[in-house]
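Chain and residue survey
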Amino acid sequence: MTRSLKDFSVLTFDCYGTLIDWETGIWDAFQPLIHASGADHATRGAVLECYARNESRLQAEEPRTAYPALLASVHRSVAGEMGLPTTDELDTAFGNSVPHWPAFPDSADSLRELSRHYKLVILSNIHNEGFAASNRKLGVSFDAVYTAEMIESYKPSDRNFEFMLRRLREDLNLEKEDILHTAQSLHHDHVPARRHDLANAWIDRQNLANSDSWGATARVNKRPEYDFLFRSLEEMAAALRQETGSES
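Now for a description of the structure that goes with this document. (Residues numbered from 1 in each chain as written. Predicted model: local features only at pLDDT ≥ 70, side-chain atom pairs only at ≥ 80, totals over all residues. Heavy atoms only, no water.)

Brief notes about the sheet that holds strand S1 (residues 10–13)
Consider a sheet: its strands pair through backbone hydrogen bonds, and that pairing is either parallel or antiparallel. Heads up, the condition is: Only when DSSP finds a minimum of two bridges between them are two strands counted as paired. Strands are runs of DSSP state E lasting at least 2 residues, helices are runs of H or I lasting at least 4, and numbering of each runs from the N terminus. A fitted line through C-alpha atoms serves as each axis, taken over the contacting stretch for helices, and the angle formed by two N-to-C directions is quoted from 0 to 180°. Whether two residues are in contact is decided by their heavy atoms: any pair within 4.5 Å suffices.
The strand order S3-S2-S1-S4-S5-S6 describes an open sheet built from six strands, whose pairing is parallel. Two strands in the sheet have a free side with no partner beyond their single neighbour: strand S3 (144–147) and strand S6 (228–230). For this sheet, the mean angle separating the axes of adjacent strands, direction not counted, is 20°. Bridge analysis of strand S2 (residues 119–124) against S3 gives four bridges, and the strand direction is parallel. Pairing of Ile122 across the sheet is with Val145, part of S3. Where helix H10 (residues 233–244) meets the sheet, it contacts S1, strand S4 (179–183), strand S5 (199–203) and S6, and its direction lies at approximately 125° from that of S6.

Laid out in structure tokens, this is it:
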């Protein structure tokens, strides 16, 4: 690709895994189940991998289920698959854990810097209330927020990207060539982004480009192409700074 970062006017972000450290949040939220079960053998890697399988399956099967209820079902499914006894209370607590998931340390400062050059938009597999809680940790006001609750489906469904593209055109007068889709998840974001011919920046916080560490993200059989690769949002902001000759 010959375009540079400064050629785009809007960044469309995934939130969880890109701006919010969902793997730490998920792992922390599984601790009550692990401790109640005495399952000290349960490793972070195994739990996150099991989570990824069950979340992607349930999102495809139940696209209109609200995210807290879906997370509760994921918790119940993971517990069953790993042989850990759970309760309705534990499942519900996990479903309500999103507001406790931490932001990555570089998210707020980097978003503020990027907001001086781009409109910032969220396209997330989340409910409105959950994103509002997370947004308080991110330090910026987004120009538009499109959630799974609004769209009534979950990424990687084409429905989510079609909704975003239509609303960006109607609400902000933005076209496809203006957009740089910026995300961590190959499964949820980069595969469908490429289907829709969107330029894409991979925020590879897992160093998946050099490993097989999929974490809480479902695997894809064929890795999609990407236009930019950064290990963090801070690295992306620094690259833009270098292109524009601006200071942070």
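Things to note about the packing of aromatic side chains
Two measures describe an aromatic ring pair: the distance that separates the ring centres and the angle between the ring planes. Using the following cut-off: Planes of paired rings set the category: under 30 degrees apart is stacked, over 60 is edge-to-face and the rest tilted, where pairs are Phe, Tyr or Trp rings (Trp by its six-membered ring) whose centres lie within 6.5 Å. Burial classes: relative accessible area under 20% of the type maximum marks a residue as buried, over 50% as exposed, and values in between as partly exposed (1.4 Å probe, protein chains only).
Overall, the coordinates contain ten aromatic pairs when judged by the stated rule. Plain terms: the ring middles of Trp22 and Tyr51 are 5.8 Å apart, the flat faces sit at 85° to each other, and that makes the pair edge-to-face. Placement of Trp22 in helix H1 (residues 22–37) and of Tyr51 in helix H2 (residues 44–61) is noted, with a sequence separation of 29 residues between them. Judged by its relative accessible area of 5%, Trp22 is buried. Where Tyr67 meets Tyr154, the ring centres are 6.2 Å apart and the plane angle is 45°; that geometry is what we call tilted. Placement of Tyr67 in helix H3 (residues 67–82) and of Tyr154 in the loop between helix H7 (148–151) and helix H8 (158–172) is noted, with a sequence separation of 87 residues between them. Note on accessibility: Tyr67 and Tyr154 belong to one class, buried.

Quick look at the pairing of S2
As a reminder, the rule being used: Handedness of a crossover: with both strands directed away from the viewer, a clockwise path from the first strand across the helix to the second marks it as right-handed.
A large share of S2 lies buried, amounting to five of its six residues. Taken together, the four bridges between S1 and S2 define a ladder with parallel strand orientation. What sits directly across from Thr12, in S2, is Val121. Chirality of the crossover, the property in question, places the unit of S2, helix H6 (residues 128–135) and S3 among those that are right-handed.

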